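Architecture at a glance
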Amino acid sequence: MSTSIVVPHWERTATEAFQPPVLLAALLIALPWGANPTAASLWWGISAALIVCGIPLAVVLMLVRRGVLTDHHVSVKEHRRPVMAGVLVLVLSYLTAAILLQGPIEIVALLVATFLAGLVIAVVSPWWKISGHGMMMGGTIVALTTSWGAVGLLFVPVGLAVCWSRIRLQDHTGPQVISGFIYGLAFLGSIYAWIVT
């Protein structure tokens, strides 16, 4: 009897490849390295990515395996606040260290923006599931164009495709994704740009 291989649709691939912790980890490494390609910048970026993104993602995956959470995107809105609280504690801890030890300004800016934007998401999420993917897409577009100029605009089609994937997968409504995207552009991205420039 032959078995068929299920090939995931592009929407699922996009939503997984560009999920917020993965995208933030990439930014934490790429932006300081792009501004100052030294071993120190790379160390700061990798350590920030592991602590701020890697640890929370590993904990969430463990909780999913144990049945505490339904999935690694924390789709149940009531579960989001405690997860966000844990992430914000790690962000604030690493941010404090980066400020005290004079880490790359790109990392400080990303973490300040992530912390402040995350606070709002944590407050809103139990009542309305605003899209974290949308927020990261909008914020990333601003961060990339701030740091890399017009080259950063190449991410716009990617950001829009990921936002569309969240709607197509019925993980969010259109208003939730659009609001997240605009929020990322106007708040998360603006904070990063203000600090860096």
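First, a word on scope: everything that follows refers to the structure included in this document.

Procedures and definitions
Residues numbered from 1 in each chain as written. Predicted model: local features only at pLDDT ≥ 70, side-chain atom pairs only at ≥ 80, totals over all residues. Heavy atoms only, no water. Salt bridge = Lys/Arg side-chain N within 4 Å of Asp/Glu carboxyl O. Buried < 20%, exposed > 50% of the residue type's maximum accessible area, 1.4 Å probe, protein only. Core = buried A, V, L, I, M, F, W, Y, C linked by side-chain atoms within 4.5 Å. Helix = DSSP H or I, 4+ residues; strand = E, 2+ residues; numbered from the N terminus. Contact = heavy atoms within 4.5 Å. Expected span 1.5 Å × (residues − 1). Phe/Tyr/Trp six-rings, centres within 6.5 Å; stacked < 30°, edge-to-face > 60°. Disulfide = S-S within 2.5 Å. Axes fitted to C-alpha atoms, helices over the stretch in contact; angles between N-to-C directions. Parallel < 35°, antiparallel > 145°, perpendicular 65-115°, else oblique. Nonpolar A, V, L, I, M, F, W, Y, C, P; charged D, E, K, R; others polar. Left-handed = near helix turned anticlockwise from the far one by under 90°. Patch = residues over 30% accessible without salt bridge, like charges linked within 9 Å, V, L, I, M, F, W, Y side chains within 5 Å. Areas by Shrake-Rupley, 256 points an atom, 1.4 Å probe, with all protein chains shown as cover.

Here the focus is the pattern of salt bridges. The final tally for this structure, using the stated rule, is three salt bridges. Here Arg166 ties to Asp171 by a salt bridge, and the two come within 2.9 Å at their closest N and O atoms. Each of the two residues, Arg166 as well as Asp171, counts as buried.

Time to look at the nonpolar core. One finds Leu28, Tyr94, Leu111, Met136 and Met137 to be the most contacted residues of the largest nonpolar core, which totals 45 residues. At the level of secondary structure, the elements contributing two or more residues to this core comprise α2 (20–35), α3 (39–65), α4 (77–100), α5 (105–124), α6 (132–148), α7 (156–168) and α8 (174–196). At 11 residues, the largest contribution of residues to this core is made by α5. Discounting residues that sit within four places of it in the chain, Leu111 has contacts with Leu28, Val52, Val91, Tyr94 and Leu95.

So, about α5. In a regular helix each residue adds 1.5 Å, so 20 residues correspond to 28 Å; α5 covers 29 Å between its end C-alpha atoms and thus fits that length. Across the 20 residues that make up α5, a large majority, 14, are buried.

All right, on to the packing of aromatic side chains then. One pass over the full model with this rule turns up four aromatic pairs. For the pair Trp43 and Trp44, a centre-to-centre distance of 5.4 Å together with 80° between the ring planes defines the contact as edge-to-face. Given the relative accessible area of 11%, Trp44 is considered buried. The interplanar angle of 10° and the centroid separation of 5.3 Å between the aromatic rings of Tyr183 and Phe187 together place this pair among those described as stacked. Separated by four residues within a single helix, Tyr183 and Phe187 lie in helix α8, roughly one turn from each other. On the accessibility criterion, Tyr183 (16% relative accessible area) is buried. Its relative accessible area of 30% is what places Phe187 among the partly exposed residues.

This structure, assessed with the given rule, holds zero disulfides. For Cys163, which is in no disulfide, the shortest distance to another cysteine sulfur is to Cys53 and amounts to 18 Å.

Turning our eyes to something else, we now look at the packing of α2 against α3. Across the interface, α2 lies against α3 with an axial gap of 8 Å and an inter-helix angle of 170°. Between α2 and α3, the interaxial angle falls into the category roughly antiparallel. Contact residues: α2 offers Pro21, Leu24, Ala25, Leu28, Ile29, Pro32 and Trp33, while α3 offers Ser41, Leu42, Gly45, Ile46, Ala48, Ala49, Val52, Cys53 and Leu57. Residues of the contact of α2 with α3, tallied by class, amount to 14 nonpolar, two polar and no charged.

This part covers the packing of α5 against α8. Contact geometry of α5 with α8 gives a least axis separation of 8 Å together with a crossing angle of 150°. As the angle between them shows, α5 and α8 are arranged roughly antiparallel. The handedness of the crossing between α5 and α8 is right-handed. Counting all contacts with α5, which are made through Ile105, Glu106, Ala109, Leu110, Val112, Ala113, Leu116, Ala117, Val120 and Ile121, the residues of α8 involved are Tyr183, Phe187, Leu188, Ile191, Tyr192, Ile195 and Val196.

What follows deals with the environment of Val68. Tracing the backbone shows Val68 in the loop between α3 and α4. The class for Val68 is partly exposed, based on a relative accessible area of 48%. C-alpha separation for the pair Val68 and His79, spaced 11 residues apart in sequence, amounts to 9.2 Å. Excluding residues that lie within four positions of it along the chain, Val68 makes contacts with Leu63 and His79.

Let us look at a nonpolar patch on the surface. Among the surface-exposed residues, Trp33, Leu42, Ile46, Leu50, Ile51, Ile55, Val59 and Met62 lie close enough to one another that they form a single nonpolar patch of about 640 Å² accessible area. Take the nonpolar patch: its biggest share by element is seven residues, from α3. Tracing the chain through its elements places Met62 in helix α3. For Met62, a relative accessible area of 30% corresponds to the partly exposed category.

Don't take any of this as a statement about function, it's just geometry.
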